[in-house]
Amino acid sequence: SGAAFRRGLGPTLDFGGDEVEVQVNDSLMRFFDHCAKFVALVEENDAAMCQVNAFKEGPEMKKVLEKVASALCLPMEELNADLVQVAFLTCSYELAIKNVTSPWCSLFSEEDAKVLEYLNDLKQYWKRGYGYDINSRSSCVLFQDIFQHLDKAVEESKSSKPISSPLIVQVGHAETLQPLLALMGYFKDDEPLLATNYARHAQRKFRSGRIVPYAANLVFVLYHCDHVNASQEEYQVQLLLNEKLLSFHHSNETTSTYTDLKDYYKDILENCHFKEECELPKVNVTAVDEL
């Protein structure tokens, strides 16, 4: 993916050669695999997905199952939520990737699609989002790395040195980006997503299909401003998610001074230590208690 992105930039950007070596750093971009606490208590713990499993057996999914079973002339006992979700994802993938309306799409109404969307959002919420603190806290190593690069650029600029890395591209997955956005506090609803509050979340912020769609991307843009009223305004930042500006929490503006941004996230930058965050508890507690 990194090499493909590099080629996509085209020949106009001079990187000192036709190809730039792509470094693989799974400990940074796949932090979730290297976080023992997340792996044991969320990734490999069936109980962690209790809300997802409860929704699969709930009234909303039961209604969808009945409609699909009727359309396929199948007895209800031959279908389950997982099979119906596969049919829905097949419809979704063909539409998104090939712009083809799959025959599977004819099984679902718009309301059915909303129910199945919520099922997937529940999974992402509890596995990669706000469901458990460790989901997002495990991404702090990546968050800190981003700010280390920004700090270096500011330091070089202040010293009138050429910026050694004017563009840094890090390629991961939706599983990389979703926890990072949760760590930063984006798309958090007042009420957690549960199996029992589907109707109340009709206008929810946490919609994983919009937050991390295909080719999802998060961009930090650092500006050096010459004409400013105060020294702290010299370096400013914008944040773009999927090519659209995000407002900053501390100001509700789409531009922030770098100083204010670092101050807002001071606790994460200074007090989030990956090794300690991801260490499994030494005492014998249940997964639910620890989470």
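Scroll up a little and you will see the structure.
Calculation rules
Residues numbered from 1 in each chain as written. Predicted model: local features only at pLDDT ≥ 70, side-chain atom pairs only at ≥ 80, totals over all residues. Heavy atoms only, no water. Disulfide = S-S within 2.5 Å. Helix = DSSP H or I, 4+ residues; strand = E, 2+ residues; numbered from the N terminus. Buried < 20%, exposed > 50% of the residue type's maximum accessible area, 1.4 Å probe, protein only. Phe/Tyr/Trp six-rings, centres within 6.5 Å; stacked < 30°, edge-to-face > 60°. Lys NZ or Arg CZ within 6 Å of the ring centre and 35° of its normal.

Attention shifts here to the state of the cysteines. Note: disulfide means a covalent bond formed between the sulfur atoms of two cysteine side chains. For the structure on display, the rule yields 3 disulfides. Paired by a disulfide, Cys-35 and Cys-278 hold their sulfur atoms 2.1 Å apart. Linking Cys-35 and Cys-278, the disulfide has an S-S dihedral of approximately -100° and is accordingly described as left-handed. Of this pair, Cys-35 sits in the loop between helix H2 (26–29) and helix H3 (36–43) while Cys-278 sits in helix H14 (residues 274–278), and the two are 243 residues apart along the sequence. Considered together, Cys-35 and Cys-278 belong to a single accessibility category, that of buried residues.

Here the structure, examined in full by the defined rule, presents 15 aromatic pairs. Relative to Tyr-198, the ring of Phe-55 has its centre 6.0 Å away and its plane inclined at 45°; by these criteria the two rings are tilted. A residue pair is termed long-range when its members are at least 10 positions apart, and Phe-55 in helix H4 (residues 50–56) and Tyr-198 in the loop between helix H10 (174–183) and helix H11 (208–211) qualify at 143 residues. The burial state of Phe-55 is the same as that of Tyr-198; both residues are buried. Seen from their ring centres, Tyr-264 and Tyr-265 are 4.9 Å apart, and the 85° between their planes marks the pair as edge-to-face. Exposure remark for Tyr-264: the relative accessible area of 40% places this residue in the partly exposed category. Among the aromatic residues, those joined into a ring-pair cluster are Phe-143, Phe-147, Phe-220, Tyr-258, Tyr-264 and Tyr-265. In this structure, Arg-128 packs its charged tip against the face of Phe-32, placed 4.8 Å from the ring centre.

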